[in-house]
Amino acid sequence: MRGLKRAALGLLAVVVVIGASVWLDYDATISRSIVFGEEERFFVNRGDTLSSVIKRLEDQDRIEKSWPFIYYARLHGVGGHIQSGEYRFGEPVGIGEFINSLSTGKDQIQYRVTILEGWTFRQMRETLGRVDELEKITVDWDDGRIMAEIGRPDLHPEGQFYPDTYFFRIGDSDLDLYRAAYELMQKHLDRAWENRNEDLQLKNRGEVLTMASIIEKESQIRDEQPIISGVFDNRLRKGMKLQTDPTVIYGLGEQFNGNLTRKHLRTDTPYNTYTRWGLPPTPICLPGEGALMAAAMPAETTAYYFVAKGGGRHKFSDTLEEHNAAVRKYQLRRK
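Criteria and cut-off values
- Residues numbered from 1 in each chain as written.
- Predicted model: local features only at pLDDT ≥ 70, side-chain atom pairs only at ≥ 80, totals over all residues.
- Heavy atoms only, no water.
- Helix = DSSP H or I, 4+ residues; strand = E, 2+ residues; numbered from the N terminus.
- Buried < 20%, exposed > 50% of the residue type's maximum accessible area, 1.4 Å probe, protein only.
- Contact = heavy atoms within 4.5 Å.
- Salt bridge = Lys/Arg side-chain N within 4 Å of Asp/Glu carboxyl O.
- Core = buried A, V, L, I, M, F, W, Y, C linked by side-chain atoms within 4.5 Å.
- Axes fitted to C-alpha atoms, helices over the stretch in contact; angles between N-to-C directions.
- Parallel < 35°, antiparallel > 145°, perpendicular 65-115°, else oblique.
- Left-handed = near helix turned anticlockwise from the far one by under 90°.
- Patch = residues over 30% accessible without salt bridge, like charges linked within 9 Å, V, L, I, M, F, W, Y side chains within 5 Å.
- Areas by Shrake-Rupley, 256 points an atom, 1.4 Å probe, with all protein chains shown as cover.
- Pairing = 2+ DSSP bridges.
- Phe/Tyr/Trp six-rings, centres within 6.5 Å; stacked < 30°, edge-to-face > 60°.
- Lys NZ or Arg CZ within 6 Å of the ring centre and 35° of its normal.

**Brief notes about the overall build of the protein**
Piece 1. Secondary structure assignment for the protein yields 13 helices and eight strands.
Piece 2. Put simply, the protein has 335 residues, and 40% of those count as buried.
Piece 3. Put simply, 65% of the contacts in the protein that link residues at least 6 apart link residues at least 24 apart.

**Focus on the pattern of salt bridges**
Piece 1. For the structure on display, the rule yields 15 salt bridges.
Piece 2. Of the charged contacts, one joins Arg152 and Asp154 as a salt bridge, the two residues approaching to 3.0 Å between their closest N and O atoms.
Piece 3. Judged by its relative accessible area of 27%, Arg152 is partly exposed.
Piece 4. A relative accessible area of 58% places Asp154 in the exposed class.
Piece 5. With a shortest N-O distance of 3.9 Å, Arg237 and Asp199 are connected by a salt bridge. Taken as a pair, Arg237 in helix H9 (residues 225-238) and Asp199 in the loop between helix H7 (174-194) and helix H8 (205-218) lie far apart in primary sequence, 38 residues in all.
Piece 6. Here Asp199 falls in the partly exposed class, since its relative accessible area comes to 48%.
Piece 7. Here the residues in one salt-bridge network are Asp199, Asp233 and Arg237, joined through shared partners.

**A few points about the nonpolar core**
Piece 1. Ranked by internal contacts, the top residues of the largest apolar core, which has 50 residues, are Met124 and Phe161.
Piece 2. Residue assignment for this core shows that the elements contributing at least two residues are strand S5 (111-114), helix H5 (121-129), helix H6 (143-149), strand S6 (165-168), H7, H8, H9 and helix H12 (289-296).
Piece 3. For this core, the element with the highest residue contribution is H7, accounting for nine residues.
Piece 4. Leave out the neighbours within four places in its chain, and Met124 touches Ile115, Trp119, Phe161, Tyr178, Ala181 and Leu286.
Piece 5. Core analysis: the next-biggest nonpolar cluster, separate from the first, contains 21 residues, Phe36, Val44, Phe69 and Ile95 among them.

**Focus: the packing of helix H2 (residues 50-59) against helix H4 (residues 95-104)**
Piece 1. Orientation of H2 relative to H4, taken along the N-to-C sense of each, is 135 degrees, at an axis distance of 12 Å. Considering their axes alone, H2 and H4 lie oblique with respect to each other. Once H2 is placed against H4, the crossing between them reads as right-handed. Within the contact between the two elements, H2 uses Leu50, Val53, Ile54 and Leu57 and H4 uses Phe98, Ile99 and Leu102.

**Describing a nonpolar patch on the surface**
Piece 1. A surface patch of nonpolar side chains, amounting to about 300 Å² of accessible area, comprises Trp67, Tyr71 and Leu75.
Piece 2. Looking at where Trp67 falls in the secondary structure, it is placed in helix H3 (residues 67-76).
Piece 3. With relative accessibility at 34%, the residue Trp67 sits in the partly exposed group.

**Thoughts on the pairing of S6**
Piece 1. By the alternation rule, side chains of S6 split into Tyr166 and Phe168, which are all buried, and Thr165 and Phe167, of which none is buried.
Piece 2. Pairing between S5 and S6: four bridges, direction antiparallel. The residue bridging Tyr111 from the neighbouring strand is Phe168, located in S6.

**Topic: the pairing of strand S7 (residues 305-310)**
Piece 1. In the sheet, S7 pairs with strand S8 (residues 313-317) via five bridges, with the strands oriented antiparallel. Counterpart to Gly310 in the pairing with S8 is Arg313.

**A look at the environment of Arg191**
Piece 1. Mapped onto the elements of the fold, Arg191 is located in helix H7.
Piece 2. Residue Arg191 is classed as partly exposed on the basis of its relative accessible area, which comes to 40%.
Piece 3. With residues up to four places along the chain from it excluded, the contact list for Arg191 reads Glu289 and Met293.

**So, the packing of aromatic side chains**
Piece 1. The final tally for this structure, using the stated rule, is 14 aromatic pairs.
Piece 2. An aromatic cluster is built from Phe36, Phe42, Tyr87, Phe89 and Phe98, whose rings are joined through pairwise contacts.
Piece 3. Directly above the aromatic system of Tyr304 lies the positively charged group of Lys238, at a separation of 5.1 Å from the ring centroid.
Piece 4. Against the face of Trp277 rests Lys241, its NZ or CZ located 4.8 Å from the ring centre.

In structure tokens, the structure reads:
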């Protein structure tokens, strides 16, 4: 019996020594920092797990043993899901901070791309196609397929994407940005429609978006946009043609060389608001928040005409006679 007790005590002592040794090994490992270069980028690929990332650190001799890291993650309930992407730590980082960064993505490098107000959808596509850090999924797709992939195969793409600065990370795709820009436009358009004037001549959200795109092309000066909207509201109310040059230019497409002529104004296309009544069939650009709100809430004005007078501003007129005089003053003399 005494022999069994001595054996048990001896075994217990061995277990304690081993446990202490393991614990000291664990404690020593996690107390060390992982060293990264100041400009070094660390990539976590899609499908990577915490275990595979830790094993990579071990293979790169950044850490001596991988098991203390795995144990630490399980002990603290972190690292079950890590975010793929591109990381830059910039200094030695502790194990806890490293695992937390991979779990939350907080140290991921972010890139950005800006889509400008007044751009066409074609210009947006060209811009996203030049962003090297974006995964190119849609580069060989036609416009219809992009709209189908975001769930709106019935919709023309022009005007449907909100112009803004978008932040993204390595691994994000151009399709991700199209989805984000489409969803953001719907939110801004909903807000504009909910705040519309009670007697607004436009019948639905789609018409507000189309009108906003025309206003955006006519002027990007915020305090003039509601007045321009008021002019168009007056013309629709009176049954007049909109007669706005940007729609004619959009309808000409690649035929337009930068010089709008009388012949262009007389050339009928679905977008020529000199030859056709009402709004064009689709928006003509990507409008921003100011133009959207102006389209939904046109200012009260007695003007039916306006002409550019320089500096991005316009001269507004109540009558055709006043307008013709303004054209002679601000346009014909300049030419």
